[in-house]
Amino acid sequence: MRPLRYSINVTLDGCVDHRVGIADEELHRHAMENIARADAVLFGRVTYELMESAWRPPASDAMPEWTQPFAREIDRAKKYVVSNTLESVDWNAELVRGDVEAGVRELKSMPGDGLATGGVTLPTALAEWGLIDEYEFVVHPRVAGHGPALLAGLSKPLDLELVGREEYASGVVAQRYVPRR
């Protein structure tokens with residue numbers, strides 16, 4: 001069974017608005033490595049559209065040179081997009097429709113190295129269903145004071161065990177957790 005790994009940038013006050021994090025070469029390399037160690041990425045509609053508009057060539061060609069390894073990795077990655085509103089997707093992507101929980105369970109049951117996911121809404125549902133095998137919170141030394149909150153709306157607490165930690169020059173700390181079973 002493929003593990004499902006969730007990675008999200010989050011500020012000290014729990015904000016997961018992608019516009020308030022620290023974007024630098026080290027963090028882009030880290031994100032690229034997360035995608036590279038997975039067989040595919042799993043996006044909700046909003047995250048897919050956001051990533052496609054920024055990272056699909058030729059849009060990504062306008063990004064700084066130090067972002068290009070990430071751009072190439074996300075471009076080449078197999079993508080699954082959970083959406084009941086999109087009629088079609090491309091960019092090496094396939095739609096997941098209908099019963100999302102069953103669809104993701106099926107993706108996880110396939111052999112391979114893993115699935116990577118990010119975003120806000122879809123991961124909250126995945127956490128609620130107990131489908132996430134590893135959580136990575138990339139904590140930025142910043143207080144946003146606004147924005148969507150990390151895993152907002154969970155029906156019960158999510159107990160996690162710290163299994164790894166990496167510090168970056170920017171003061172960002174990537175913390176990896178697994179669910180306590």
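First things first, this report covers the structure right here in the doc.

1. Details of the sheet that holds strand β6 (residues 134-140)
Through backbone hydrogen bonds, the strands of a sheet pair up, either in parallel or in antiparallel fashion. One open sheet accounts for 8 strands, arranged β4-β3-β2-β5-β1-β6-β8-β7; its pairing is mixed. Each end of this open sheet is capped by a strand with a single partner; those strands are β4 (93-96) and β7 (160-167). Each neighbouring strand pair of the sheet contributes to a mean axis angle of 25°, computed without reference to strand direction. Two strands pair when backbone bridges link them, and β7 and strand β8 (residues 173-179) are joined in this way by 7 bridges, in the antiparallel orientation. Paired with E161 across the bridge in β8 is V178. Relative to the sheet, helix α1 (residues 25-36) contacts β1 (4-11), β2 (40-44), β5 (115-117), β6, β7 and β8, its axis offset from that of β6 by approximately 170°.

2. What to know about the nonpolar core
By size, the foremost hydrophobic cluster in this structure holds 25 residues, and its most contacted members are L4, L42, L126, Y135 and F137. Among the elements that line this core, the one with the most residues is β1, at 4 residues. Those residues within four positions of L126 in sequence are excluded, and the remaining contacts are L4, L42, V104, T117, L131 and I132. Core analysis: the next-biggest nonpolar cluster, separate from the first, contains 18 residues, I35, Y48, F70 and W91 among them.

3. Things to note about helix α2 (residues 45-55)
Every buried residue of α2 is listed here: T47, Y48, M51 and W55. Along the axis of α2, the buried residues cluster in a sector spanning 100°; they form a single face. Opposite the buried face of α2, by more than 90 degrees, sit the exposed residues V46 and S53. Against α1, β2, α3 (68-76), β3 (78-82) and β4 lie the buried residues of α2.

Definitions and cut-offs
- Residues numbered from 1 in each chain as written.
- Predicted model: local features only at pLDDT ≥ 70, side-chain atom pairs only at ≥ 80, totals over all residues.
- Heavy atoms only, no water.
- Pairing = 2+ DSSP bridges.
- Helix = DSSP H or I, 4+ residues; strand = E, 2+ residues; numbered from the N terminus.
- Axes fitted to C-alpha atoms, helices over the stretch in contact; angles between N-to-C directions.
- Contact = heavy atoms within 4.5 Å.
- Core = buried A, V, L, I, M, F, W, Y, C linked by side-chain atoms within 4.5 Å.
- Buried < 20%, exposed > 50% of the residue type's maximum accessible area, 1.4 Å probe, protein only.
- Arc of directions from axis to C-beta.

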